[in-house]
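An overview of the molecular structure
Residue-level listing of the chains:
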Amino acid sequence: MDTRVTVSDVKGFLPMLKDCFEKRLPVSLIVDDGELHRAEGYIDRMDDTNLILEDGRSIHIEKLAAVNGIFIDSYAQC
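Residues numbered from 1 in each chain as written. Predicted model: local features only at pLDDT ≥ 70, side-chain atom pairs only at ≥ 80, totals over all residues. Heavy atoms only, no water.

Regarding the sheet that holds strand S1 (residues 6–7)
- Read across the sheet, five strands follow the order S1-S8-S7-S2-S3 without closing on themselves; strand pairing throughout is mixed. Looking at strand neighbours, the two that pair on one side only are S1 and strand S3 (36–41), the edges of this open sheet.
- As judged from the two bridges shared by S1 and strand S8 (residues 70–72), these two strands associate in the parallel manner. From the neighbouring strand, Thr 6 faces S8, where its bridge partner is Phe 71. (Pairing = 2+ DSSP bridges. Helix = DSSP H or I, 4+ residues; strand = E, 2+ residues; numbered from the N terminus.)

Some details on the pairing of S3
- Examined bridge by bridge, strand S2 (residues 27–32) and S3 share six bridges and lie antiparallel to one another. Paired with Val 31 across the two strands is His 37, which belongs to S3.
- The hairpin turn running from S2 into S3, its antiparallel successor, is three residues long, and Gly 34 in that turn takes a positive phi close to 105°.

What about the sheet that holds strand S6 (residues 58–60)?
- The strand order S4-S5-S6 describes an open sheet built from three strands, whose pairing is antiparallel. Across the chains shown, the open sheet's two edge strands, defined by having one partner strand only, are strand S4 (43–46) and S6. On average, each strand axis in the sheet is inclined to that of its neighbour by 25°, with strand direction left out of account.
- Pairing analysis gives three bridges linking S4 to strand S5 (residues 50–53), with the strands arranged antiparallel. Counted as the bridge partner of Ile 43 is Leu 53 from S5. (Axes fitted to C-alpha atoms, helices over the stretch in contact; angles between N-to-C directions.)

Written out as structure tokens, the structure is:
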């Protein structure tokens, strides 16, 4: 059986994002802003609602579908 690690809502991504930010680790994101697209890089700044990647892209955390291969429950079949 195929099993996946998921989070129940976007707040579940916050510890992962903060860890990557503090340790200067890259993130691989899937963002849903009407369509799914990828964003990758290092987090330059973040708070509990937004993050800004080093390339200047601003991403609303509530629009995240996945962080580093871990999906929110509603996207687990992606």
